[in-house]
Each structure stands twice: as structure tokens, then as C-alpha cells.
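Take a look at the letters that make up each chain.
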Amino acid sequence: MLKLPGLIDPHVHVREPGQTHKEDWDTVTQAALAGGVTMILTMPNTKPPIFDAETLDLALSKAKKKARCDYAQFVGAGPDNAEMAASLADKAAGLKMYLDSTFGQLRLDDMTLWQPHFEKYPKQYPIVAHSESRSMAAAILFAAIYDRPIHIAHISLREEVLLVKAAKEHGIKVTCEVCPHHLFLTSPLPQGEGPGGRGNGRMEVRPRLATKEDVEALWENLDVIDCFATDHAPHRLEEKDSENPPPGFPGLETILPLLLTAVSDSRLTIPGIIQKMYTNPRKIFSLPEQNETWVEVDEDAEYEIHASEMFSRCGWTPFEGWKVKGKVRKVVLRGKTAFEDGIILVESGYGKNVRE
Ligand code: DOR
Ligand code: ZN
């Protein structure tokens with residue numbers, strides 16, 4: 001039996017408030033525990049988005065009642081909330097900026113809107129940027145100009161990992177994460193070009209799945225990558241199979257088995273997983289130690305991934321039917337067995353806000 005520290009996922013979409021038919025604080029934290037994740041940092045693009053004291057309190061009050069693992073909530077950068085967001089920094093996981101995708105009120109169309117956030121957000125907490133390709137280069141330039149840390153969410157392209165590498169070599173305070181789906185899946189036919197003109201809605205995700213060359217570049221540059229993060233973004237299967245499929249994959253219950261399978265294929269090491277899912281996220285996001293917390297894994301257990309066995313409410317996974325090696329047997333969180341052999345053993349409300 002392999003013993004790992006409680007894993008930290010710095011990129012999770014909970015969907016509560018606002019879209020609890022996809023997921024809520026209860027189901028997402030059960031999914032986390034079943035996946036060996038004992039702490040999640042949660043994204044602000046809920047309905048309403050989390051961008052001021054009132055909405056942060058709204059999310060945290062739901063979490064306090066329902067969460068079963070530990071957590072912290074990001075605040076979102078909007079066009080005119082830089083001062084407000086900075087004033088909430090001690091209570092938040094960090095500041096999330098959406099620099100190219102548009103997410104309602106968290107929309108930053110013009111680069112001059114980025115400036116006050118880079119100026120005001122306290123430097124001891126990182127800014128996390130959803131920025132792809134050239135907007136990632138712009139985000140790194142801002143970090144250099146304001147001499148402050150920036151964490152790039154879900155890098156997926158060869159050009160991105162190589163630029164982050166160069167920026168690090170030049171002393172810019174940049175860190176980055178990669179998601180399992182960008183390590184294990186490549187780009188399908190675009191939506192509309194599948195059989196019958198549809199059918200690839202399930203593969204829609206942002207950043208999009210990339211080419212084989214991009215995937216290979218991520219594997220070749222694992223030393224540049226600071227964290228593994230799921231970007232757990234649950235949508236119901238009916239939504240994914242609709243005319244207008246929303247982008248996003250669930251990931252909390254598949255990240256560890258996929259990575260352990262890569263260990264068994266000699267593509268990764270156990271110390272590499274610990275560094276990227278515990279040591280580095282703790283350092284980057286200034287996260288506290290969770291005492292008496294660990295995960296027990298049966299490294300030799302081989303099984304097939306099935307959404308029907310998962311705790312996430314979304315009801316599907318892009319890895320359905322994959323054969324993996326490495327199963328989470330038991331999770332102990334702050335001295336209490338939270339998960340054992342497929343059963344969640346802690347109540348709603350056991351989870352703690354690590355910024356409290
Ligand atoms: O695929 C994605 N889904 N990418 C994002 O950045 C947002 C996410 C979501 O919230 O569904
Ligand atoms: Zn995300």
C-alpha cells in the first residue's frame with residue numbers, strides 16, 4: 001500500500017451558487033475525497049460570479065454547510081473591482097483573471113483593465129490567469145512589469161510550456177499547472193465534423209485539446225510544470241450532447257489513477273506526483289499543513305474507469321472505459337477516515353475553509 005500526502009487540486013469549478021444541477025459543494029467534495037484530494041481551490045465563475053464581499057460570503061456560507069474536504073475560494077477579477085478584490089485577499093484562495101475567454105461579469109476586454117489588479121492584489125498571493133497562447137505571454141509580461149508572482153492555469157500547448165520555461169530562466173515569477181486531459185487526450189474532429197455533424201460536444205473544453213506534438217512537449221517538459229490540476233468543470237451529459245455543448249470535463253475522480261498509470265508506464269514518478277500535487281501547490285498558494293492527513297493507494301489494483309461509480313453529479317467522464325492501475329483505498333483527513341473502499345465517511349460541513 002502506497003501512502004501519499006492529502007493531495008491539493010488548485011483548480012476546481014464547484015457550480016454552487018447557481019448551477020447545482022451540475023454539481024454542488026457536497027458532491028464536488030465527495031468526488032475530491034474519492035479521488036485522494038483533500039483540499040480544493042475553487043473558481044469564481046459561478047452564478048453569480050464571486051467578485052465582491054457579498055458574493056464571496058455567499059459561496060463560503062454554502063461551503064461551510066456542505067463541504068466534506070478542505071477548500072479556499074478564488075475571487076474573480078472584473079472590470080472595476082480591483083480595490084474590492086485586493087481587500088478580500090486574506091479570505092480568498094487568490095485572484096482569478098479570465099484574460100481571453102469571456103465569463104459574464106468577469107470579462108476583461110481591454111489590457112488597461114488588468115493593470116489595477118496587478119498593482120493592487122497583495123504579492124504574497126498569486127494571481128491565476130486563464131490565458132492562452134499570446135495572452136499568456138501578455139500575462140507573463142505584466143508579472144515582470146509589476147514584479148509579482150503569476151500562476152498560469154492549464155497550459156496545453158508546446159509554445160506555452162516553452163515560453164514559461166524561458167520566463168522562469170529569466171527570473172520572472174511565473175508558475176504553471178497542467179491538466180490530465182491535456183496530458184492524456186489529443187484533439188478530436190471539431191464539433192460539427194463528427195458523424196451526423198455533431199457528436200464531439202463531449203470533447204469540448206477550454207483550453208481545447210491540443211495536437212500530439214503539444215502533448216509530447218508537455219511530457220518532455222514536466223520539470224517546467226509546477227502543478228497538476230484537474231480544472232474539474234462538470235456539465236451534465238445532456239448538456240454536453242446538446243446542440244450547444246458547454247466546454248469542460250470533470251476530473252477529480254480520474255486524476256490520480258491516470259497519473260499512477262503513467263507511473264506504472266515509467267512516464268512519471270511518485271515523488272513527481274507529490275511535488276506537483278502537494279509540495280508546490282502549498283508553496284505557490286501559501287496553503288497550511290493539514291495535520292494527520294494522508295491517502296492510501298493500492299498501486300497494483302487494475303480497474304476500468306466508469307462514471308456510474310463516481311460521486312460527481314455530472315454523470316460522465318471523458319475517460320469512460322479506460323483501464324488504469326492504481327486505486328484510492330482510504331483517505332484520512334485531519335485524523336478522521338473520510339473515505340474508505342468506495343464509501344464517504346465524513347459528513348457535510350466537515351470540510352474547513354483554509355483561509356479562515
Ligand atoms: O472548459 C472549461 N470549462 N474551461 C473554462 O475555463 C471554464 C470551464 C467551466 O467553467 O465550465
Ligand atoms: Zn477552469
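See the structure above.
The rules behind these values
Residues numbered from 1 in each chain as written. Chains lettered and ligands numbered in written order. Predicted model: local features only at pLDDT ≥ 70, side-chain atom pairs only at ≥ 80, totals over all residues. Heavy atoms only, no water. Helix = DSSP H or I, 4+ residues; strand = E, 2+ residues; numbered from the N terminus. Rg over C-alpha atoms; globule rule 2.2 N^0.38 Å. Buried < 20%, exposed > 50% of the residue type's maximum accessible area, 1.4 Å probe, protein only. Areas by Shrake-Rupley, 256 points an atom, 1.4 Å probe, with all protein chains shown as cover. Lys, Arg positive; Asp, Glu negative; His and termini not counted. Charge placed at Lys NZ, Arg CZ, Asp CG, Glu CD. Donors = N, O, S within 2.8 Å, 3.2 Å for Na, K, Ca; no water. Pairing = 2+ DSSP bridges. Salt bridge = Lys/Arg side-chain N within 4 Å of Asp/Glu carboxyl O. Expected span 1.5 Å × (residues − 1). Contact = heavy atoms within 4.5 Å. Near = heavy atom within 4 Å. Polar contact = N/O pair within 3.5 Å; in protein donor to acceptor, adjacent residues only side chain to side chain. Nonpolar A, V, L, I, M, F, W, Y, C, P; charged D, E, K, R; others polar.

Participant: It is not clear to me how the overall build of the protein chain should be interpreted in this structure. Could you clarify?
Facilitator: Looking only at helices and strands, the protein chain has 11 helices and 14 strands in total. Taken over C-alpha atoms, the radius of gyration comes to 19 Å for the protein chain, in line with the 21 Å a tight globule of 356 residues would show. With respect to the three principal axes, the spread of C-alpha positions in the protein chain is 50 × 45 × 40 Å. Counting every position in the protein chain, which comprises 356 residues, the buried fraction comes to 59%. Taken as a whole, the protein chain presents about 14300 Å² of accessible surface, with 49% of it coming from carbon and sulfur. Here the protein chain contributes 41 positively and 51 negatively charged side chains, and the mean placements of these two sets differ by 2 Å.

Participant: Would you mind going over the coordination of the zinc ion (ligand 2) with me for this structure?
Facilitator: Under ideal tetrahedral coordination, the four donors around a metal are separated by 109.5 degrees; under ideal octahedral coordination, the six donors are separated by 90 or 180 degrees. Every protein donor of the zinc ion (ligand 2) is accounted for by His-11 (NE2), His-13 (NE2) and Asp-231 (OD), and the metal-donor separations fall at 2.1 to 2.2 Å. Mapped onto the sequence, the residues coordinating the zinc ion (ligand 2) show the spacing H-x1-H-x217-D. You can see His-11 sitting in strand E2 (residues 7-12) and its partner Asp-231 sitting in the loop between strand E10 (227-228) and helix H9 (237-240), a full 220 residues away along the chain. For His-11, a relative accessible area of 1% translates into the label buried.

Participant: So what exactly am I meant to see when it comes to the environment of Pro-245 here?
Facilitator: The residue Pro-245 is located in the loop between H9 and helix H10 (255-264) in this model. Look at Pro-245 and you get buried, because its relative accessible area is 13%. Remark: the alpha-carbon pair of Pro-245 and Asn-200, spanning 45 residues in sequence, is separated by 8.8 Å.

Participant: Help me understand the sheet that holds strand E7 (residues 127-130), please; the structure alone is not making it clear to me.
Facilitator: Each strand in a sheet pairs with its neighbour through backbone hydrogen bonds, running either in the same direction (parallel) or in the opposite one (antiparallel). Here six strands make up an open sheet; going across it, the order is E5-E6-E7-E8-E9-E10 and the pairing parallel. The outermost strands of the open sheet, each flanked by one partner alone, are strand E5 (75-76) and E10. In terms of strand pairing, E5 meets strand E6 (residues 95-98) through two bridges, oriented parallel. Residue pairing in the sheet places Gly-76 in a bridge with Lys-96 of E6.

Participant: Would you mind showing me how to read the pattern of salt bridges here?
Facilitator: Side chains bearing opposite charge may pair, as long as their charged atoms lie close to each other. Evaluated as defined, the whole model comprises 20 salt bridges. Of the charged contacts, one joins Asp-147 and Lys-173 as a salt bridge, the two residues approaching to 2.5 Å between their closest N and O atoms. Of this pair, Asp-147 sits in the loop between helix H5 (134-145) and strand E8 (150-152) while Lys-173 sits in the loop between helix H6 (158-169) and strand E9 (174-178), placing them 26 residues apart in sequence. Residue classification places Lys-173 among the partly exposed positions, given a relative accessible area of 41%. Across the salt bridge formed by Asp-298 and Arg-329, the nearest N and O atoms sit 3.5 Å from each other.

Participant: Please clarify how unusual backbone geometry should be interpreted in this entry.
Facilitator: Trans peptide bonds make up the majority, and among non-glycine residues the majority have a negative phi. Here the residue pair Lys-47 and Pro-48 is connected by a cis peptide bond, since its omega of 0° sits within 30 degrees of zero. Looking at the element boundaries, Pro-48 is found in the loop between strand E3 (37-42) and helix H2 (53-66). In this structure, His-154 is a non-glycine residue whose phi angle is positive, near 30°. One non-glycine residue, Ser-266, adopts positive backbone phi at about 60°.

Participant: Explanation requested: H6 in the structure shown.
Facilitator: Three- or four-residue spacings in an α-helix give side chains the same orientation, since the helix completes a turn every 3.6 residues. Across its 12 residues, H6 extends 17 Å between first and last C-alpha, which sits within 8% of the 16 Å expected from 1.5 Å per residue. In the core, the buried residues of H6 are packed alongside H5, E9 and helix H8 (212-220).

Participant: What am I meant to see in the site of ligand 1 here?
Facilitator: In the region of ligand 1, 11 residues are neighbours, and Arg-15, Asn-45, His-130, Arg-206 and His-235 sit closest. Here an oxygen atom of ligand 1 sits 3.4 Å away from a polar atom, N or O, in the side chain of His-13. At 3.3 Å, a backbone N or O of Gly-248 approaches an oxygen atom of ligand 1. Here ligand 1 loses 96% of its free accessible area of 290 Å² to cover by the protein chains. In terms of residue class, the shell around ligand 1 is built from four nonpolar, five polar and two charged.

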